[in-house]
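# Structural overview
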Amino acid sequence: MNRIALLFILFNLISNAQTLKDCSACAVKIIKTEQIKDLSIDEIRLLSNEIFARNGYQFENSRFQNYFETKSWYKSIGNNKSIVLKEIEKQNIKILQDQTKLLKAEQEELINQLKTLKKLVLTNQTDGLKSKFGFVYEQQYGSENAELL
């Protein structure tokens, strides 16, 4: 009996640490940030919508409607107003939305950094490149160096 309990605990620990692939358990189990930290915005959005789909939600977005119609478990109830999510599902949706906001902020910061880098390169501001990005390039190749970069 002790071996079975130990195996169950080990399996549970391993499965909790894995990346979340679907939301089949999102109605009964809280998502852990570690399970979604490596997912893209699109993957997280799909998981979030899966919670609604598992409750029979009919999507106006044809991409999601078509996707969930391919799942054997999906059955639209046709009346989205009658859908009532469990508290745990609401918590999971919030966790997914928070992760999406974080990823969007990181994405925006990356875009801003790339714009700054591009501007500094194109205006040949080598001091700015060095101080902001720790980046130095040789001027020996002439004016085309920045364009090649």
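This section reports on the structure supplied with the text. Bear in mind that the values here come from a model prediction, so they are computed numbers and not experimental data.

Turning our attention to the overall build of the protein chain. Along the protein chain, the regular secondary structure elements total seven helices and zero strands. Reading the secondary structure of the protein chain in the N-to-C direction produces α-α-α-α-α-α-α. For the protein chain, with 149 residues in total, the buried portion stands at 26%. Put simply, 43% of the contacts in the protein chain that link residues at least 6 apart link residues at least 24 apart.

Looking only at helix H4 (residues 62-69), the buried set comprises Phe64, Gln65 and Phe68. Buried residues of H4, seen end-on, are gathered within an arc of 100° and therefore sit on one face of the element. Lining the buried residues of H4 we find helix H3 (41-53). Where H4 starts, the residue carrying a side-chain oxygen 2.8 Å from the main-chain nitrogen of Arg63 turns out to be Asn61.

Moving on: the environment of Phe64. Take Phe64: it is sitting in helix H4. Residue class for Phe64 comes out buried when judged on its relative accessible area of 3%. A sequence separation of eleven residues divides Phe64 from Ala53, and the C-alpha atoms of the two residues are 9.0 Å apart. The residues contacting Phe64, other than those within four sequence positions of it, are Arg45, Leu46, Asn49 and Phe59.

Bringing the nonpolar core into the picture now. Core analysis: the largest hydrophobic core is formed by 15 residues, its most contacted members being Leu20, Cys23, Ile31, Ile36, Leu47, Ile51 and Leu96. Put simply, the parts of the chain that give this core at least two residues each are H3 and helix H5 (87-122). With four residues, H3 is the single largest residue contributor to this core. Leaving out residues up to four positions away in the same chain, Ile36 has contacts with Leu20, Ile31, Ile44, Leu47, Ile95, Leu96 and Gln99.

Definitions and limits used
Each chain carries its own residue numbering, running from 1 in the direction its sequence is written. A pLDDT threshold of at least 70 governs which residues receive local features in this predicted model, and a stricter bar of 80 or more applies before side-chain atom pairs are shown or counted, although totals over entire chains, interfaces and linings include all residues. Values reported for side chains reflect all heavy atoms of the structure, with hydrogen atoms and water molecules removed beforehand. Helix and strand definitions here come from DSSP, where helices need a minimum of 4 consecutive H or I residues and strands a minimum of 2 consecutive E residues; each element is numbered from the N-terminal end. Each residue is assigned to one of three classes by its accessible area relative to the maximum for its type, calculated with a 1.4 Å probe on protein chains only: buried under 20%, partly exposed between the two thresholds, exposed over 50%. Contacts: residue pairs with any heavy atoms within 4.5 Å of one another. The arc in question is formed by the directions pointing from the helix axis toward the C-beta atoms. Counted as a polar contact is a pair of N or O atoms within 3.5 Å, where, for protein atoms, one must be capable of donating a hydrogen and the other of accepting one, and residues adjacent in sequence contribute only when both atoms are in side chains. Only buried Ala, Val, Leu, Ile, Met, Phe, Trp, Tyr and Cys residues count toward a nonpolar core, and they belong to the same one when joined by side-chain atoms within 4.5 Å.

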